[in-house]
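Structure at a glance
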Amino acid sequence: MAELDTLDLVVLAAILFGTVAYFTKGKLWGVTKDPYASSLAHASSAKAGKTRNIVEKMEEQGKNCIIFYGSQTGTAEDYASRLAKEGKSRFGLETMVADLEEYDFDNLDTIPDDKVVFFVLATYGEGEPTDNAVDFYEFITNEDVNFTEGNEPALGNLNYVTFGLGNNTYEHYNSMVRNVDKALQKLGAHRIGDAGEGDDGAGTMEEDFLAWKEPMWKALAERMGLEEREAVYEPVFSIVEREGLTKESPEVYLGEPNKMHLDGTAKGPFNAHNPYIAPIAQSYELFSVKDRNCLHMDIDISASNLNYQTGDHIAVWPTNPGEEVDRFMNVLGLSEKRHTVVSIKALEPTAKVPFPTPTTYDAIVRYHMEICAPVSRQFLAQLAAFAPDAEARAEMTKLGAEKDYFHEKISLHHLNIARVLDIVGKGQKWTNIPFSAFIEGITKLQPRYYSISSSSLEQPKKISITAVVESTQLPGRDDPFRGVATNYLLALKQKQNGEPEPCPFGLSYELTGPRNKYDGIHIPVHVRHSNFKLPSDPSKPIICIGPGTGVAPMRGFIRERVQQAKNGEKVGKTLLFFGCRKSTEDFMYKNEWQEAKEILGDNFELITAFSREGPKKVYVQHRLKERAEEINQLLEQKAYFYVCGDAANMAREVNTVLGQIISEQRGIPEAKAEEIVKNMRSSNQYQEDVWS
């Protein structure tokens with residue numbers, strides 16, 4: 001073979017380089033940047049080079065009011081956004097909304113006293129901070145907290161406002177905002193107005209917020225010398241229709257949560273910003289009645305780097321039902337434009353577009369907005385100005401202004417925004433409302449969390465869900481109020497089990513997802529770790545109270561203990577108190593409990609309460625009282641006590657009954673017994689995984 005001289009090599013190299021350049025143009029180089037694109041590409045809110053200095057950020061953006069939120073389900077974030085908009089429109093404040101986890105707080109002592117800081121803080125679980133507020137909470141409540149200036153008092157410069165979101169069915173009601181407020185006061189900071197508290201347990205969160213904010217604004221205006229002006233809607237986002245793009249264009253998001261998913265290169269870490277599209281291995285019905293559904297699903301995570309521990313939660317990312325998407329589009333006059341491609345751009349440098357763009361109206365409404373959620377009174381008041389006629393404007397104004405009237409007409413029936421507009425407008429289209437108002441005023445569609453009902457020891461790469469399908473008949477509504485996520489899961493189950501057109505209760509869903517990426521029965525999920533955990537020593541006795549779907553994590557616990565016994569470990573006494581309506585209708589996992597009994601023997605016992613089988617209703621708390629002597633003996637052996645289910649009634653009554661058992665069995669006053677129960681909670685011997 002002839003040898004190549006230097007000139008040949010140079011020519012060949014040039015040809016090779018030109019060929020590579022030609023085929024990679026637009027992929028590796030020469031990429032035209034879309035000026036309107038918002039990709040959320042890295043599936044994280046933290047950006048490289050972004051300052052974590054609060055003062056620096058406020059000065060850089062010309063802000064005099066920063067509103068921090070600690071949010072788990074999106075409600076606190078929504079309230080923070082609403083406060084920011086109102087502060088700007090009514091009082092001319094230069095506001096910005098900020099995620100607590102994106103900033104450091106050691107320079108809170110350098111914030112000038114002509115600025116104000118808001119803290120909108122949800123309490124999660126048993127008095128815990130939300131995931132994004134953990135670092136802030138640990139910092140501000142630390143006994144040895146240090147700031148940059150070393151002032152005395154440390155935060156004598158700081159003007160602040162607080163509002164908390166809590167649930168009175170939990171023992172540590174609104175503990176986040178109470179503890180943060182206490183810490184700030186101790187450090188010498190000046191609170192403006194009352195420390196507000198909203199109560200989700202009583203169903204008064206929204207009205208608590210509205211009642212708190214009016215006197216707060218008055219106090220803030222006096223403190224900062226602000227003058228109220230007529231509030232006029234000023235959009236935070238611009239919407240640009242993209243004539244050169246269609247829904248088939250590869251750069252257009254059709255519901256994908258970020259750019260990795262758009263490009264088909266999704267990879268971990270999978271979390272609240274970046275779901276894993278998981279296959280559903282199997283799904284089946286747990287009830288044997290026609291008018292109620294309860295689902296068991298096994299989610300396969302073997303092809304991901306997701307992992308879980310027994311007792312954790314799985315988050316399901318739902319999609320809105322087609323009927324509600326159509327209703328929303330129709331009442332706004334957008335039906336013909338549903339697949340029009342739009343780009344959303346923030347008109348304010350600190351605002352964040354809550355989903356990736358360019359996208360379509362349909363994708364925004366179907367995958368990113370809580371369009372099925374009950375509407376807020378404040379939002380109706382804001383939309384009154386855009387009503388199609390004077391009669392509708394007057395009705396919207398009245399609904400927004402009168403608490404009792406709003407409750408009677410809207411709240412009682414759990415009406416969503418599209419249904420309200422349709423009723424108030426008497427079928428007219430509301431074409432005057434800027435679409436930006438909905439992006440700002442409707443909460444982002446949130447993942448739904450379920451207690452995992454499997455054992456990570458037994459099946460580390462398969463997560464089980466046990467979920468009752470929500471369907472509630474309400475007075476004044478033609479159709480029941482239906483849960484978004486559980487009916488979505490029911491449709492998936494129907495499809496997996498051979499129904500040609502899955503349509504639970506007349507609701508249809510885009511089961512194959514954007515660009516068919518969920519086809520083959522897939523669902524977007526991530527895992528949230530929980531503190532609801534078995535004792536590290538399997539020989540410790542446990543008492544589990546899990547009526548209804550509250551049995552979900554208890555199933556995981558018992559399957560874990562069965563696996564431990566199979567592995568040759570010594571397993572302690574395990575009592576499960578389970579309740580349902582009838583043994584013939586909703587007795588979940590009946591055969592599994594028998595299998596557990598065969599392996600664990602006398603160390604496992606199932607105690608049942610069938611509320612509708614006898615002359616009077618019997619619940620798990622009654623069965624617990626009947627076993628008082630044995631329960632007390634197990635507690636004296638340091639048994640762990642677990643409760644999962646309804647917080648408002650069952651969990652509260654179980655707590656009371658346990659105090660009574662200890663009092664009666666040990667011959668001590670009830671007050672002393674209640675103190676023992678309280679100490680059990682603080683030492684994690686008593687754990688709850690409850691919901692309102």
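Analysis parameters
- Residues numbered from 1 in each chain as written.
- Predicted model: local features only at pLDDT ≥ 70, side-chain atom pairs only at ≥ 80, totals over all residues.
- Heavy atoms only, no water.
- Helix = DSSP H or I, 4+ residues; strand = E, 2+ residues; numbered from the N terminus.
- Rg over C-alpha atoms; globule rule 2.2 N^0.38 Å.
- Areas by Shrake-Rupley, 256 points an atom, 1.4 Å probe, with all protein chains shown as cover.
- Lys, Arg positive; Asp, Glu negative; His and termini not counted.
- Charge placed at Lys NZ, Arg CZ, Asp CG, Glu CD.
- Buried < 20%, exposed > 50% of the residue type's maximum accessible area, 1.4 Å probe, protein only.
- Pairing = 2+ DSSP bridges.
- 1 Å grid on protein atoms, 1.4 Å probe; cavity = no way out; pocket = protein on both sides within 12 Å on 5 of 7 lines; lining within 4 Å.
- Points joined across faces, edges and corners; volume = space filled by probe spheres on them.
- Nonpolar A, V, L, I, M, F, W, Y, C, P; charged D, E, K, R; others polar.
- Salt bridge = Lys/Arg side-chain N within 4 Å of Asp/Glu carboxyl O.
- Axes fitted to C-alpha atoms, helices over the stretch in contact; angles between N-to-C directions.
- Parallel < 35°, antiparallel > 145°, perpendicular 65-115°, else oblique.
- Left-handed = near helix turned anticlockwise from the far one by under 90°.
- Contact = heavy atoms within 4.5 Å.
- Arc of directions from axis to C-beta.
- Polar contact = N/O pair within 3.5 Å; in protein donor to acceptor, adjacent residues only side chain to side chain.
- Disulfide = S-S within 2.5 Å.
- UniProt positions renumbered as here; feature names shortened; annotations may be inferred.
- Expected span 1.5 Å × (residues − 1).
- Core = buried A, V, L, I, M, F, W, Y, C linked by side-chain atoms within 4.5 Å.

Along the backbone of the chain there are 21 helices and 23 strands. In summary, the chain has a C-alpha radius of gyration of 28 Å against a globular reference of 26 Å for 692 residues, a match within 12%. Viewed in the frame of its principal axes, the chain has a C-alpha envelope of about 85 × 85 × 60 Å. Within the structure as shown, the chain displays about 31,400 Å² of accessible surface, and the carbon and sulfur contribution to it stands at 49%. The average position of the 76 basic charges and that of the 100 acidic charges among the side chains of the chain differ by 3 Å.

Let us look at the pairing of strand β11 (residues 313-316). Burial of β11 is two-sided: the residues His 313 and Ala 315 facing one way and the residues Ile 314 and Val 316 facing the other way are all buried. In this structure, β11 lies alongside strand β14 (residues 448-451), joined through four bridges in antiparallel fashion. Residue pairing across strands places Val 316 opposite Arg 448, the latter belonging to β14. Bridging between β11 and strand β18 (residues 522-528) involves four bridges; their strand directions are antiparallel.

As a further point, take empty space enclosed by the protein. Empty space left among the atoms is revealed by rolling a probe the size of a water molecule over them. Following the criterion strictly, the structure yields two cavities of 30 Å³ or more and no others. Volume-wise, the largest cavity comes out at about 80 Å³. For the largest cavity, the full set of lining residues is Ser 81, Arg 82, Lys 85, Ser 376, Phe 379, Gln 382, Glu 440 and Gly 441. Among the elements that line the lining of the largest cavity, the one with the most residues is helix α3 (residues 75-91), at three residues. Along the lines of polarity and charge, the residues of the lining of the largest cavity split into one nonpolar, four polar and three charged.

A word on the pattern of salt bridges. Applying the stated rule across the entire model yields 44 salt bridges. With its nearest N and O atoms 3.1 Å apart, the salt bridge here joins Lys 186 to Glu 143. Here the residue Lys 186 occupies a position in helix α5 (residues 175-186), and Glu 143 occupies one in the loop between α4 (134-140) and β5 (159-166), the gap between them amounting to 43 residues. Between Arg 377 and Glu 207 there is a salt bridge; the shortest N-O distance is 2.7 Å. Placement of the pair is Arg 377 in helix α10 (residues 377-383) and Glu 207 in helix α6 (residues 205-224), with a sequence separation of 170 residues. Each of Glu 86, Arg 90, Lys 213, Glu 214 and Glu 228 takes part in salt bridges that share partners, so that together they form one network.

In contact at an axis separation of 10 Å, helix α16 (residues 552-566) and helix α17 (residues 590-600) are set at 30° when each is read in the N-to-C sense. Considering the angle they form, α16 stands roughly parallel to α17. As for how α16 packs across α17, the hand of that crossing is left-handed. Of the residues in α17, those touching α16 at Arg 555, Ile 558, Arg 559, Arg 561, Val 562, Ala 565 and Lys 566 are Glu 592, Trp 593, Ala 596, Ile 599 and Leu 600. Of the residues belonging to the contact of α16 with α17, the class tally is seven nonpolar, no polar and five charged.

Buried within helix α2 (residues 54-61) are the following residues: Ile 54, Val 55, Lys 57 and Met 58. Seen from one end, α2 has its buried residues packed into an arc of 165°, which puts them on one side. Those residues of α2 that are exposed and angled more than 90 degrees off the buried face are Glu 59 and Glu 60. Looking at the buried positions of α2, the neighbouring elements they touch are β1 (65-70), β2 (95-99) and β3 (116-124). The distance from a side-chain oxygen at the start of α2 to the backbone nitrogen of Val 55 is 3.0 Å, and the residue carrying that oxygen is Asn 53.

What follows deals with the state of the cysteines. Overall, the coordinates contain zero disulfides when judged by the stated rule. Left unpaired, Cys 503 is separated from the closest cysteine sulfur, that of Cys 372, by 14 Å. Given the relative accessible area of 36%, Cys 503 is considered partly exposed. Looking at the unpaired Cys 544, the closest cysteine sulfur is the one in Cys 644, lying at 10 Å.

So, about unusual backbone geometry. Peptide bonds are trans in most cases, and residues, glycine excluded, mostly fall at negative phi. Note that the residue after Glu 152, namely Pro 153, is joined by a cis bond; omega there is -5°. Take Pro 153: it is sitting in the loop between α4 and β5. With an omega of 5°, the peptide bond between Gly 268 and Pro 269 qualifies as cis. Relative to the helices and strands, Pro 269 is located in the loop between α7 (259-263) and β9 (276-285). Of note, Tyr 589 is a non-glycine position whose phi angle comes to about 60°, a positive value. Tracing the backbone shows Tyr 589 in the loop between β20 (574-580) and α17. A positive phi angle, near 70°, is found at Asn 684, a position not held by glycine. Tracing the chain through its elements places Asn 684 in the loop between α21 (670-682) and β23 (686-691). By relative accessible area, which is 43% here, Asn 684 ends up partly exposed.

What follows is about the UniProt feature "domain: FAD-binding FR-type" (unreviewed entry) in the chain. As recorded in UniProt, the feature "domain: FAD-binding FR-type" (unreviewed entry) lies at residues 273-535. A distance of 31 Å separates the end C-alpha atoms of residues 273-535, which is 27% helix and 19% strand.

Here we take up helix α20 (residues 647-666). Taking 1.5 Å of rise per residue, the 20 residues of α20 would be expected to cover 28 Å, and the 27 Å separating its terminal C-alpha atoms lies within 8% of that figure. Those residues of α20 not exposed but buried are Ala 647, Met 650, Ala 651, Val 654, Val 657, Leu 658, Gly 659, Ile 661, Ile 662 and Ser 663. At the N-terminal end of α20, a side-chain oxygen is found 3.2 Å from the backbone nitrogen of Ala 648, two or three residues along, and the residue is Asp 646.

Attention shifts here to the nonpolar core. Ranked by size, the top nonpolar core spans 45 residues in total, and within it Phe 328 and Phe 438 carry the most contacts. Mapped by element, the contributors of at least two residues to this core are α8 (322-331), β12 (341-346), α9 (361-367), α10, α11 (390-401), α12 (403-409), α13 (417-424) and α14 (435-441). At five residues, α13 tops the list of elements feeding residues into this core. Ignoring sequence-local partners within four residues, the contact set of Phe 328 consists of Val 365, Met 369, Ile 371, Ile 417, Ala 418, Phe 435, Phe 438 and Ile 442.

Let's shift gears to the packing of helix α19 (residues 628-636) against α20. Remark: α19 packs on α20, axes separated minimally by 9 Å, with the N-to-C direction vectors making an angle of 90°. Judged by the angle between their axes, α19 and α20 are roughly perpendicular. Here α19 contributes Ala 628, Glu 629, Ile 631, Asn 632, Leu 635 and Glu 636 to the contact with α20, which in turn contributes Leu 658, Ile 661, Ile 662, Gln 665 and Arg 666. Of the residues belonging to the contact of α19 with α20, the class tally is six nonpolar, two polar and three charged.

So, about the side chain of Lys 63. Position of Lys 63 among the secondary structure elements: in the loop between α2 and β1. By relative accessible area, Lys 63 is classed as buried at 5%. Setting aside anything within four residues of it in sequence, one finds Lys 63 in contact with Met 58, Glu 94, Thr 95, Met 96, Lys 115, Glu 348 and Thr 350.

Glancing now at the sheet that holds strand β8 (residues 237-241). Read from one edge of the open sheet, three strands run β8-β12-β13, paired in antiparallel fashion. Looking at strand neighbours, the two that pair on one side only are β8 and β13 (359-360), the edges of this open sheet. As paired elements, β12 and β13 share two bridges and run antiparallel to each other. Paired with Val 342 across the bridge in β13 is Thr 359.

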